[in-house]
Number of protein chains: 4
Amino acid sequence: MPFGSDNQTGCSPQVLQALIEANVGHSHGYGQDDWTARAVAALRDVFETDLEAYFVATGTAANGLALASLVQPWQQVLCHAQSHIATDESTAPEGFTGGARVQAIACDEPKLTAHALRTHLARAGRDHPHNPQPGAVSIAQATESGLVYSPDEVAALAECARANAMALHMDGARFANAVAAQGCSPAQLSWRAGVDILTLGASKNGCWAAEAILVFRKERVAGLEHRRKRSGHLLAKGRLLGAQMLGWLRDGHWLELARHANRQATQLARRLDEVPGVSLVWPVQANELFLLMPRALALRLQAGGAEFYEWYASALPAGLNLRADQMFVRLVCSFATTDEQIEAFIGQAVQRPA
Amino acid sequence: MPFGSDNQTGCSPQVLQALIEANVGHSHGYGQDDWTARAVAALRDVFETDLEAYFVATGTAANGLALASLVQPWQQVLCHAQSHIATDESTAPEGFTGGARVQAIACDEPKLTAHALRTHLARAGRDHPHNPQPGAVSIAQATESGLVYSPDEVAALAECARANAMALHMDGARFANAVAAQGCSPAQLSWRAGVDILTLGASKNGCWAAEAILVFRKERVAGLEHRRKRSGHLLAKGRLLGAQMLGWLRDGHWLELARHANRQATQLARRLDEVPGVSLVWPVQANELFLLMPRALALRLQAGGAEFYEWYASALPAGLNLRADQMFVRLVCSFATTDEQIEAFIGQAVQRPA
Amino acid sequence: MPFGSDNQTGCSPQVLQALIEANVGHSHGYGQDDWTARAVAALRDVFETDLEAYFVATGTAANGLALASLVQPWQQVLCHAQSHIATDESTAPEGFTGGARVQAIACDEPKLTAHALRTHLARAGRDHPHNPQPGAVSIAQATESGLVYSPDEVAALAECARANAMALHMDGARFANAVAAQGCSPAQLSWRAGVDILTLGASKNGCWAAEAILVFRKERVAGLEHRRKRSGHLLAKGRLLGAQMLGWLRDGHWLELARHANRQATQLARRLDEVPGVSLVWPVQANELFLLMPRALALRLQAGGAEFYEWYASALPAGLNLRADQMFVRLVCSFATTDEQIEAFIGQAVQRPA
Amino acid sequence: MPFGSDNQTGCSPQVLQALIEANVGHSHGYGQDDWTARAVAALRDVFETDLEAYFVATGTAANGLALASLVQPWQQVLCHAQSHIATDESTAPEGFTGGARVQAIACDEPKLTAHALRTHLARAGRDHPHNPQPGAVSIAQATESGLVYSPDEVAALAECARANAMALHMDGARFANAVAAQGCSPAQLSWRAGVDILTLGASKNGCWAAEAILVFRKERVAGLEHRRKRSGHLLAKGRLLGAQMLGWLRDGHWLELARHANRQATQLARRLDEVPGVSLVWPVQANELFLLMPRALALRLQAGGAEFYEWYASALPAGLNLRADQMFVRLVCSFATTDEQIEAFIGQAVQRPA
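Residues numbered from 1 in each chain as written. Chains lettered and ligands numbered in written order. Predicted model: local features only at pLDDT ≥ 70, side-chain atom pairs only at ≥ 80, totals over all residues.

## Concerning the overall build of chain A
Of the regular secondary structure elements, chain A holds 13 helices and 11 strands. Relative to its length of 354 residues, chain A is compact, with a C-alpha radius of gyration of 21 Å against a globular reference of 20 Å. Taken over the C-alpha atoms alone, chain A extends approximately 65 × 60 × 30 Å along its principal axes. By the burial criterion, 61% of the 354 residues in chain A qualify as buried. Sequence-distant contacts, at least 24 apart, represent 78% of the contacts inside chain A between residues at least 6 apart. (Helix = DSSP H or I, 4+ residues; strand = E, 2+ residues; numbered from the N terminus. Rg over C-alpha atoms; globule rule 2.2 N^0.38 Å. Buried ≥ 20, exposed ≤ 12 C-beta atoms within 10 Å, placed from the backbone. Contact = placed C-beta atoms within 7 Å.)

Next up, the structure:
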């Protein structure tokens, strides 16, 4: 019962097949291969725009390179306090940007709002050159709370960013889930809403290790190729990334995988209704569930083979106090989550301890 | 009426005299001179311990080098959200440390408390290597709110830091004011309370440009000399710093200057009692005043030649709402603040506008 | 006729098979999986020692992380002027190490010698903290000239490094080829000869993207996990790397692949004897050939579909002058180079132009 | 007999007087003061152009900030192997630039020549993004061999730099000596010859600690203020730097000081003609002498109180072999070098040992 993360699987059969096919013949190295070129073309098609795409193997690298393209070392990246770049990527943002500031925004809500952003900016110092200067806003789609930003919410943030001479970065580690959840187009949820650079995650949703840095404003691209190389993220055999991306995008496979993961999460949430003492902290909008659960139950489930993580108390909404006999946990469904896994989990959860 | 900052003066006559005397003869460069050696000896005497001292010309450099000696690039510096290193030194902490995280602690009080620190640590993730790791706690003495930490408060923070494998840094830009305010010994307020490295500021309190990085735990020193050199902070003519420090420390001059600045701040606060609509945000403990003031009065005073800064709204206590007709301002007294300047300020403040 | 680089292929069938097998089931992420554990065990077996191993996807990352583990930001990495880290990894060494110096050693020979190293150290300044301090020696095995270091040569360099308080790093992008060429054991050519960290390359010799940082002196390991994470090189689905490594090492596959590549290079060199005007710049010891070739012939071959690169003139031995009608080129054989490709190349080369 | 360096003195009486005068009254901090403004105006006057000037306290900082303004982290700074930035500033260039490469140019001559530069560029790889990219050329005026570049030589280097899309930086730690030596105008030797940024050193030639970064191409300025702040080089009491600069520039004082230093060096060289076994390695063009000297004599002089440094053997011209009984030494004259010091030195040198 692997609900620990959507990175506990291998790749989808279709992606594997693309890799097997791509293992034939020779090609130029360092991304100058045919698979990479076709994957970029596929992304332009899916996003309906003439974007630039750079492939790397991890989300941390994709985010770091994107941010380094958007801010100077004396600037800030403004983000939600619970965003992945603030909590789970070590100090990669500082490393990639040459020492920019990661500035968490105090925010009562699980998503960053244009209101919170404006309030922060109004109250913070802007003295030049003393205060770290606002450089970019970064939001995660879906968020670290499993919620999604609507195109309008993104546009409101983009407008606020633009009005303050900031760029907008979207950490799309679960962008596919967010698109699948909202039924909008990839373009609507990214560049049409004002996103400058999107890091499109494929690793969590069907690939092995493939992320795309999608640059919608080409004037931001300067240096990205160099930064990718000097950070060690230019793969010699670029086809490994290009082929994964191709297999993932082909025939809407990526959205099909995301829809499955979302459906399973919704189904799991529905079934958890039956389990006494379990409550959702936030509504399930994509493929993640955040729960308060009796601690004894959580420990019993884990002992029984269920995999999931206790989550950071700092992520809990203000005012929601965790009782000592409760555990705050995260469950994640993936493209590979089966009905049987859900049923097994629920079966154990509702079981009376002997 | 220069209440803008304690850096708006030159140096004290005694410091100037020391510089004039030090301008004679030749010596080795790069801090291998007699004045530097004597200044280090004087610091050992004043702090009653066998410390190591490194002189630089700015507080930002002193703080940056101290933090770089205490944390690894994948660690965090935990500090109050309003601390100088978080708000007023650009992204110098990131630059000096090679990209460590500056982590502001949510704190309802104007000082960092051991309680707030423990709460933060209990709620934050400590996953290795994903979450930025706690590396050091940094506090300012006096704080950016003009308050002082007592030796006991410092000791409580040091204990919490130690219990979590963190070092304790004290940004002592106004350490002299804090010592003068509390009547304790420099040792009591630093290493005896558990401070690992103190950056002792002299520039704001009588020197032109002289700060000392005082290392109390020598095992932390590795690399400090190299870091100072490669950041461009090793002065060729080291006597410039050594002589200032010598003149500043001689015969308790440094504390005399600080006592004067503190007294003038207290006096200014007392006289402001008479001015309608003006209220202190925090008690005056050192040489700074933080006030709410009718905006019209503030503008009239500035137009009349009074110098002071509107302060960041983000620094205001939670719950204290700034009215549109108010201004949140900071006034600073220095070693050079005269009774006449205070009287002139008050005179203008109580004056009825024509 | 792909002689451009040993990165122009996919992966070997055995490696692909390992990947296909590893795509089943779920596991913990971030290298906490069974494939990774087994690959580390396999490396300990192959190297006959209790090493620590860290997997990443590129050689530039492996070298950068290794060097960052060995030098401080105020130190130098001493290397041959033609080494890959000096010429072909952008400024990755500076980026990973936080700004250490890459110091090319003037060297008349295509390999770094202990004599050249000692001469350099004797003539260079060692003033502390002014001169960049020697921190590590880095050598490539095989070298960028296609030559191999013998165990004795490595040991002589290690001794010189040790005597000057430096560590020894081996960039083993083609370590398999060097072992295969010399018939010695992996241990003999690495830790037994005094290497502190070896970056073992698998990507060029049968994998898709897999490199291992092998740490032989564990006291050097501090921080490597953190550095890998903050540079974005910790793969979420670690099995991708672990499985490649497993497949590559199984049953001596890695050395079989390297022996094939070396054999083909030797064979190609032998056949080129017949081609007028072509001469080897250095003897063929591993899988690379460096040639002087009539420029007209080189262009004709490239036009006919042969892939190879013109090489940097700066790499030529002192005294060897390149005539205007010559081209200095590099040909590389890989695990996948066929006899037919060699024959086709020779066939075109000896063909009289019409 | 202080011939160790031109940083072994204090400041000139005129500079000290300017500091004493500047110690009166209050002003804005952080370079927003009147002395700084007047010093910038004086520099515009002296250089006959509308430059931007940024003051810092050390030459290493000035060079580092200048280079950071000129190169990206994936670029190279090309310089003579014996330049100060390559040998004597630790790894400050890497630190300030965020990890650019310092690339020493193999050069038989003690100055960098356009020919050597072109040869280097022709032979080096330019593959994008693999090879570190040429970003700037940096030359020292006077050089680390005590020689000066003529305006024509500078112009030839500037032309070569421009033709290769590189900027030209001049490390003018001894720019005053170079101007004094050649009798040309500051403009002729800097921007008119194609220099983009000059770091004008005053510390070695009469000030205590004052260097100016002079930006002649304003489009290069972006970020310099921020970089100065985040590296800790923005002095709170900016008047300290502004006043030194003002006193130094007033009435041609700076060139008078440099002429004196140069004259004393020439005089010392002339007198050394008399000393058997002593020979100049390079002609004396500014204020430094590089000598081969019997080792016994050198040791006797040092024992007798003469201060000078043994110099790096790596700086010796190719082909000049240092005999075991010789020492390669540097003697430096300063604005404060007296005839008596020279006579005392010569007196000891010609004295027969007992």
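## Details of the relation of the copies chain C and chain D
Structural alignment of chain C on chain D gives an RMSD of 0.0 Å, achieved by rotating through 180° and translating 0.0 Å along the axis. The transformation relating the two chain copies, once decomposed into turn and shift, fits a two-fold axis. By C-alpha distance to the rotation axis, the residue of chain C lying nearest is C:G99, at 2.5 Å. In this assembly, 100% of the residues forming the interface of chain C have copies in chain D that are likewise at the interface, indicating an isologous arrangement. (Least-squares fit on C-alpha atoms with pLDDT ≥ 70 in both.)

## Considerations on the sheet that holds strand β5 (residues 167-172) of chain A
All names here are of chain A. One open sheet accounts for 7 strands, arranged β1-β7-β6-β5-β4-β2-β3; its pairing is mixed. Because the sheet does not close on itself, it has two edges, and the strands there are β1 (52-56) and β3 (101-105). Here the average twist between neighbouring strands, direction ignored, is 25°. In the packing of helix α3 (residues 59-70) onto the sheet, contacts are made with β1, β2 (75-80), β4 (133-140), β5, β6 (197-201) and β7 (211-215), and the angle to β6 comes to roughly 175°. Those strands touched by helix α7 (residues 151-163) are β4 and β5, and its axis lies near 145° from that of β5. (Pairing = 2+ DSSP bridges. Axes fitted to C-alpha atoms, helices over the stretch in contact; angles between N-to-C directions.)

## Quick notes on unusual backbone geometry
Of note, the amide linkage connecting A:Q141 to A:A142 takes the cis form, showing an omega dihedral of -10°. You can see A:A142 is positioned in the loop between β4 and α7. Positive phi is not limited to glycine here, since C:D251 has a value of about 55°. For C:D251, the position within the fold is in the loop between α10 (239-249) and α11 (253-272).

## Examining the interface of chain C and chain D
Often, the extent of an interface is quoted as the loss of accessible area upon association of its parts. Chain C puts 23 residues into the contact, and the matching count from chain D is 23 residues. Contributions of two or more residues to the side of chain C that touches chain D are made by α5 (92-97), β3 (101-105) and α6 (114-123) of chain C.

## Focus on the environment of B:E219
Residues and elements named next belong to chain B. Position of E219 relative to the elements: it lies in the loop between β7 (211-215) and α9 (224-230). On the basis of neighbour count, E219 is assigned to the exposed category, with 7 C-beta atoms found within 10 Å. Counting along the chain gives 80 residues from E219 to I139, while the straight-line C-alpha distance between them is 21 Å.

## Comments concerning helix α1 (residues 13-22) of chain B
If you check which residues of α1(B) are buried, you get B:V15, B:L16, B:A18, B:L19 and B:A22. Considered in projection along α1(B), the buried side chains sweep an arc of 160° and stay on one side of the axis. For α1(B), the elements touching its buried residues are α2 (34-47) and α10 (239-249) of chain B together with α1 (13-22) of chain D. (Arc of directions from axis to C-beta.)

## Notes on the pairing of strand β1 (residues 52-56) of chain C
Residues and elements named next belong to chain C. Of all 5 residues making up β1, 4 are buried, and the element is well covered by its neighbours. Relative to strand β7 (residues 211-215), β1 runs antiparallel, the two being bridged by 5 bridges. Among the inter-strand pairings, E52 is bridged to a residue of β7, identified as V215.

## Considerations on the domain arrangement of chain A
Residues and elements named next belong to chain A. Splitting chain A by domain gives domain 1 (13-253) and domain 2 (255-350). Summarising the inter-unit geometry, the C-alpha centres of domain 1 and domain 2 are found 27 Å apart. Split into classes, the residues belonging to the side of domain 1 that touches domain 2 amount to 9 nonpolar, 9 polar and 3 charged. (Domains from an automatic or database assignment. Nonpolar A, V, L, I, M, F, W, Y, C, P; charged D, E, K, R; others polar.)

## Some thoughts on the environment of A:G4
Counting through the fold element by element, A:G4 comes out in the segment before α1 (13-22). Residues A:G4 and A:P294 lie 290 residues apart in sequence; the distance between their C-alpha atoms is 18 Å.

## Side note on the interface of chain A and chain C
Counting residues at the interface gives 40 residues for chain A, matched by 40 residues for chain C. Where the side of chain A that touches chain C is concerned, the elements lending two or more residues are α1, α3, α5 (92-97), α9 (224-230) and α10 (239-249) of chain A. By residue class, the composition of the side of chain A that touches chain C is 15 nonpolar, 21 polar and 4 charged.

## Quick look at the sheet that holds strand β11 (residues 326-332) of chain D
Residues and elements named next belong to chain D. Ordered in space as β8-β9-β11-β10, the 4 strands form an open sheet in which the pairing is antiparallel. With one partner strand each, in any of the chains shown, β8 (279-280) and β10 (309-310) form the two edges of the open sheet. Pairing geometry for β8 and strand β9 (residues 288-294), over 2 bridges, is antiparallel. Residue pairing in the sheet places S279 in a bridge with L292 of β9.

## Focus: the pairing of strand β5 (residues 167-172) of chain B
Residues and elements named next belong to chain B. Across the 6 residues of β5, 6 count as buried, placing the element largely inside the fold. With burial as the criterion, each face of β5 is covered, one bearing A167, H169 and D171 and the other bearing L168, M170 and G172. Relative to β5, strand β4 (residues 133-140) runs parallel, the two sharing 5 bridges. Looking across to β5, one finds that A140 is bridged to D171. Assessed by its sense of winding, the connection that carries the chain from β4 through helix α7 (residues 151-163) to β5 is right-handed. As defined by bridge partners, β5 adjoins strand β6 (residues 197-201) across 4 bridges and the pair is classed as parallel. (Right-handed = clockwise from strand over helix to strand, strands pointing away.)

## Examining the packing of helix α2 (residues 34-47) of chain D against helix α10 (residues 239-249) of chain D
All names here are of chain D. Here α2 crosses α10 at 35°, and the two axes come no closer than 8 Å. Where α2 crosses over α10, the handedness of that crossing is left-handed. Judged by residue contacts, W35, T36, R38, A39, A42 and V46 of α2 engage R239, L241, G242, A243, M245, L246 and L249 from α10. For the contact of α2 with α10, the per-class residue count stands at 9 nonpolar, 2 polar and 2 charged. (Left-handed = near helix turned anticlockwise from the far one by under 90°.)

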